[in-house]
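As a plain string of letters, each chain reads:
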Amino acid sequence: MIRGSYDLVVVGSGFGSLFYLRECLGHLPRTARVALLERGAYLPHARQLALRSNSADPEDPDRPTSADRYYRRLEGEKPWNFTIGLGGGTLCWWGQAPRLHPSDFGMRRLYGRGEDWPISYDDLEPHYCAAEEIIGIAGDSDRVGPFRRSRPYPLPAFRGSGIDMALRERDPMQLALPAARDSIGALRAQCCAHGECRLCPQDAKFTALNGLPAVLEDARISILTGANVLALELEAGHARRVVFERRGRRQTVSGDHVVLGANAICNPAILQRSGLGHPELGRGIAEQMGANVEVQLAAHSGVDGGTAATGQNIRLLDGAHRRAHAAAAYYFDNRWKHHGLRLERGRHLNTLNLMVIAEALRSERNFVEVPEDWDALPVIHHATHGAYAEDGLRAALRAVPEIFAGLGLERVSEPVARPSEAHVQCTTPAGTDPGRSIVDGDLLHHRVRNLSVVGTSVFPTAPAGNPSLTAAAWSLRAARRLFGAG
Amino acid sequence: MGRTTRRSFLTNGIGLVAAAAAAGVAGRYALTDIEAILEAIVRHHVGDDALARGAAAAFARDYAPMTASNWKLRSAVASGLYLLPLFRGALPAGDLARIERYDRRVVTDFLLSSSYDGRESGDPIDYLALETAPLCNPFARLR
Ligand SMILES: Cc1cc2nc3c(=O)[nH]c(=O)nc-3n(C[C@H](O)[C@H](O)[C@H](O)COP(=O)(O)OP(=O)(O)OC[C@H]3O[C@@H](n4cnc5c(N)ncnc54)[C@H](O)[C@@H]3O)c2cc1C
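Read on for a plain summary of the structure. (Residues numbered from 1 in each chain as written. Chains lettered and ligands numbered in written order. Predicted model: local features only at pLDDT ≥ 70, side-chain atom pairs only at ≥ 80, totals over all residues. Heavy atoms only, no water.)

With respect to the layout of surface pockets
Residues and elements named next belong to chain B.
And step 1. Reported here for the second largest pocket is a volume of approximately 340 Å³.
And step 2. If you go around the second largest pocket, you meet 18 residues; those closest to its centre are Tyr116, Arg119, Glu120, Asp123 and Ile125.
And step 3. Considered class by class, the residues forming the lining of the second largest pocket number five nonpolar, seven polar and six charged. (1 Å grid on protein atoms, 1.4 Å probe; cavity = no way out; pocket = protein on both sides within 12 Å on 5 of 7 lines; lining within 4 Å. Points joined across faces, edges and corners; volume = space filled by probe spheres on them. Nonpolar A, V, L, I, M, F, W, Y, C, P; charged D, E, K, R; others polar.)

Dropping the structure here:
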């Protein structure tokens, strides 16, 4: 039951909100009251496996739901992928958990493209370590490349596939890909490289349900699922009440501080309905642009590594090319799903699915439209990833053979576009200039100072690396600073 | 012309099924054809010398009903008649790619269902039990 006034009202329960909340709980008194409003249902891991879905209808928990029930898109435009449910994207994510590249935070300063982030890699570094510890990330602490770190990873890296390991021996740009899956069975069950991590059969991947039970079960928190937050009511420039609908009934809950972490499509919709319109609000919705290629080598297996994807090649992740076109990441998948094993005798396993992922920048042509009618779904307009991303992806695809030079490369297949990278970002961007951004570096709304907006909606650009670890680390930092803790 | 027609007839995948139906052939007969093709695909690509005796046939027996109930798979099997080198040379690239895709699927499913785990042992590869989507990656080296 959610009733009365709360010290903290948290909207959504994905990466942004739960890491923010976790940090707050360490600072709030024992008598504090926190309300968590979650639109989706609570679906335990076993139910997810049974339903083959990460989310279900809160009013009919036997009915699986998918993202397309929560937004509309224009015909012919790309789909968007996210999870509505207690745990948000922590349930469906694959657990690829790299840090962003230090240069990702200074795109305008370094390359004259996109926007600078209001924080730097070094600002975030201790919070990256804290988030990695909480999540339980497996990574290589000895070979970190440009991702300088002050603490070792909590879990050892997975063993790479044969192709990945052969490259690590000869190419300093080839690194282990950090993963939120348990490499040794220390925190959760050990990963068995099943390769369909959305529904991890072992529960080896970090989710809010297996990794943050202390947060979800904290006695100070009241959790209400099936609560669709529509808007905030403001008074004298402060967020006073959160308006939500549950089982067809509109209700409000009041709080001293509101944390909005309802994903990068719903966050701008809620702010817009609250009368907090801004030229940049909902504008620039972005995600990376990706393609798969199959690489066949004369020797070395591409499917014998210890987890779903084992390595990354960072040769195009940063550099002067970012003035002209996007940076790109290469991820070494450890699966045969896309192409099958090879036909040639003695080479059945010598196949690699290489994921090529280009960064994207915000474009004003891409935006979330919020209808006047509160019951209508937000409409996403996303005409294109933009020439910057497209050129970057093309350049990265052209460069694939160079990665494998001298390793007995036999064939690189035609690329197959990936419909969605499942990383919705950039709709409530953070920045130092209130005229061009929605929140500041502490994730506080520029105008409404008792409102924090969290999650990947605050990213000013969409770098090539996966975003969730950064969203978690940024939430930890912002929450600490809310309590003056640094 | 006649040859092109026959080729597209088969590669469209309608050939085997439609011909069987037109001739009033029982479903069981068509299934047997599919089994023979599946066995041929496995033997051709994995190699008789690498296979335990009867492994490909046993796999094909279990696998065929799965294909038979799936129109798309079944049509791909029909086009697998082009395994015959005689036809293969004359095929357009698109058809070849389609056949290769299907062959890869069959060979993958066979290997996943067999004693083959990717490591060189020299033992013949035996069929164990049909397993097209194993719970864990059998080739993974976990540590
Ligand atoms: C299949 C898949 C695989 C992915 N794999 C990776 C990966 O390997 N690595 C990676 O870094 N990222 C991955 N992601 C992306 C990752 O899930 C997102 O980056 C991350 O979840 C974003 O965090 P967030 O806090 O912004 O939003 P979310 O985690 O989506 O949280 C939003 C929360 O708000 C709730 N909510 C939404 N609207 C409302 C409302 N109106 N009222 C109340 N509650 C609401 C949602 O139910 C949810 O709990 C993947 C995503 C998908 C779909």
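Looking at the state of the cysteines
Think of a disulfide as a covalent bridge from one cysteine sulfur atom to another cysteine sulfur atom.
Residues and elements named next belong to chain A.
And step 1. If you walk through the whole model with that rule in mind, you get zero disulfides over all chains.
And step 2. For cysteine 92, which is in no disulfide, the shortest distance to another cysteine sulfur is to cysteine 197 and amounts to 12 Å.
And step 3. Cysteine 266 takes part in no disulfide bond, and the closest cysteine sulfur to it belongs to cysteine 92, at a distance of 14 Å.
And step 4. Of the residues examined, cysteine 266 reaches a relative accessible area of 9% and is grouped as buried. (Disulfide = S-S within 2.5 Å. Buried < 20%, exposed > 50% of the residue type's maximum accessible area, 1.4 Å probe, protein only.)

Brief notes about empty space enclosed by the protein
Residue and element names in this part refer to chain A.
And step 1. All told, the structure shown has five cavities of 30 Å³ or more when counted by the stated rule.
And step 2. Counted as a void, the largest cavity has a volume near 130 Å³.
And step 3. Surrounding the largest cavity, 13 residues form its lining, Phe147, Tyr153, Ala176, Pro178 and Gln312 being those nearest its centre.
And step 4. Tallied by class, residues from the lining of the largest cavity come to seven nonpolar, two polar and four charged.
And step 5. Taken as a whole, the second largest cavity encloses approximately 90 Å³ of empty space.
And step 6. Forming the boundary of the second largest cavity are 13 residues, of which Arg181, Cys191, His194, Cys197 and Cys200 lie nearest the centre.

Some remarks on unusual backbone geometry
All names here are of chain A.
And step 1. Positive phi outside glycine occurs at aspartate 203, with the angle close to 65°.
And step 2. Secondary-structure assignment places aspartate 203 in the loop between strand E8 (174-176) and helix H7 (208-211).
And step 3. In this structure, arginine 247 is a non-glycine residue whose phi angle is positive, near 50°.
And step 4. Structurally, the position occupied by arginine 247 is in the loop between strand E11 (238-246) and strand E12 (249-260). (Helix = DSSP H or I, 4+ residues; strand = E, 2+ residues; numbered from the N terminus.)

Some details on the interface of chain B and chain A
And step 1. The interface is formed by 25 residues belonging to chain B together with 30 residues belonging to chain A.
And step 2. Between chain B and chain A, the buried area comes to about 2,300 Å², and carbon and sulfur atoms account for 55% of it.
And step 3. For chain B, the biggest contributors to the area lost against chain A are Arg104, Arg141 and Arg143 of chain B; these three give 31% of the whole.
And step 4. Our count for the chain B to chain A interface comes out at four salt bridges.
And step 5. The partner of aspartate 49 of chain B in a salt bridge is arginine 345 of chain A, with the nearest N and O atoms 3.9 Å apart.
And step 6. Scanning the region where chain B abuts chain A turns up 11 residue pairs in polar contact (both at pLDDT 80 or more). (Contact = heavy atoms within 4.5 Å. Buried area = accessible area lost by both parts, 1.4 Å probe. Salt bridge = Lys/Arg side-chain N within 4 Å of Asp/Glu carboxyl O. Polar contact = N/O pair within 3.5 Å; in protein donor to acceptor, adjacent residues only side chain to side chain.)

What about the nonpolar core?
And step 1. Ranked by internal contacts, the top residues of the largest apolar core, which has 120 residues, are Tyr330, Leu354 and Phe404 of chain A.
And step 2. By residue number, the principal contributor to this core is helix H12 (residues 468-482) of chain A, which donates eight residues.
And step 3. Non-local contacts of leucine 354 of chain A, meaning those with residues more than four positions away in its chain, are made with Ala291, Asn292, Val293, Val295, Tyr330, Tyr331, Phe332, Val400 and Phe404 of chain A.
And step 4. Among the nonpolar cores identified, the runner-up in size contains 30 residues, and Leu343 of chain A together with Ala58, Ala64 and Val107 of chain B belong to it. (Core = buried A, V, L, I, M, F, W, Y, C linked by side-chain atoms within 4.5 Å.)

Points about the environment of serine 301 of chain A
All names here are of chain A.
And step 1. With respect to the helices and strands, serine 301 occurs in the loop between strand E13 (289-297) and strand E14 (309-313).
And step 2. Residues serine 301 and glycine 162 lie 139 residues apart in sequence; the distance between their C-alpha atoms is 4.8 Å.
And step 3. Aside from chain neighbours lying at most four places away, what touches serine 301 is Ser161, Gly162, Ile163, Leu349 and Asn350.
And step 4. A polar atom in the side chain of serine 301 sits 3.3 Å from the backbone nitrogen of aspartate 304.

Looking at the pattern of salt bridges
Residues and elements named next belong to chain A.
And step 1. Tallying each qualifying case throughout the model produces 40 salt bridges over all chains.
And step 2. Residue glutamate 115 pairs with arginine 436 through a salt bridge whose shortest N-O separation is 2.6 Å. Taken together, the residues span a long stretch of sequence, with glutamate 115 in the loop between helix H4 (107-111) and helix H5 (121-135) and arginine 436 in the loop between strand E20 (416-418) and strand E21 (451-453) at a distance of 321 residues.
And step 3. Notably, a salt bridge pairs arginine 250 with glutamate 245, separated by 3.5 Å at the nearest N-O pair.

Considering the site of the ligand
Residues and elements named next belong to chain A.
And step 1. Residues in close proximity to the ligand total 36 residues, the closest being Gly16, Glu38, Gly89, Gln96 and Ser468.
And step 2. Here an oxygen atom of the ligand sits 2.8 Å away from a polar atom, N or O, in the main chain of glycine 16.
And step 3. Contact between the ligand and glycine 88: an oxygen atom at 3.5 Å from a main-chain N or O atom of the residue.
And step 4. Isolated, the ligand exposes 990 Å² of accessible area, and the fraction of that covered by the protein chains is 96%.
And step 5. Within the residue set of the shell around the ligand, elements represented by two or more residues are helix H1 (15-25), strand E2 (34-38), helix H3 (89-92), strand E10 (228-235) and helix H9 (263-273).
And step 6. Tallying contributions element by element places H9 first for the shell around the ligand, with three residues.
And step 7. Among the residues forming the shell around the ligand, the class breakdown is 15 nonpolar, 19 polar and two charged. (Near = heavy atom within 4 Å. Areas by Shrake-Rupley, 256 points an atom, 1.4 Å probe, with all protein chains shown as cover.)

Re the packing of H1 of chain A against H12 of chain A
Residue and element names in this part refer to chain A.
And step 1. At a closest axis distance of 8 Å, the pairing of H1 and H12 adopts a crossing angle of 35°. In the packing of H1 onto H12, the handedness of the crossing is right-handed. Residues Phe15, Gly16, Phe19, Tyr20, Glu23 and Cys24 of H1 lie in contact with H12, whose contacting residues are Ser468, Ala472, Ser475, Leu476, Ala478, Ala479, Arg480 and Leu482.
And step 2. Here the contact of H1 with H12 is composed, by residue class, of nine nonpolar, three polar and two charged. (Axes fitted to C-alpha atoms, helices over the stretch in contact; angles between N-to-C directions. Left-handed = near helix turned anticlockwise from the far one by under 90°.)

Regarding the side chain of serine 420 of chain A
Residue and element names in this part refer to chain A.
And step 1. With respect to the helices and strands, serine 420 occurs in the loop between E20 and E21.
And step 2. Residue class for serine 420 comes out buried when judged on its relative accessible area of 18%.
And step 3. At 2.9 Å, the side chain of serine 420 forms a polar contact with the backbone nitrogen of alanine 422.
And step 4. Setting aside chain neighbours within four positions, we find serine 420 in contact with Lys78, Pro79, Trp80, Asn81 and Glu287.

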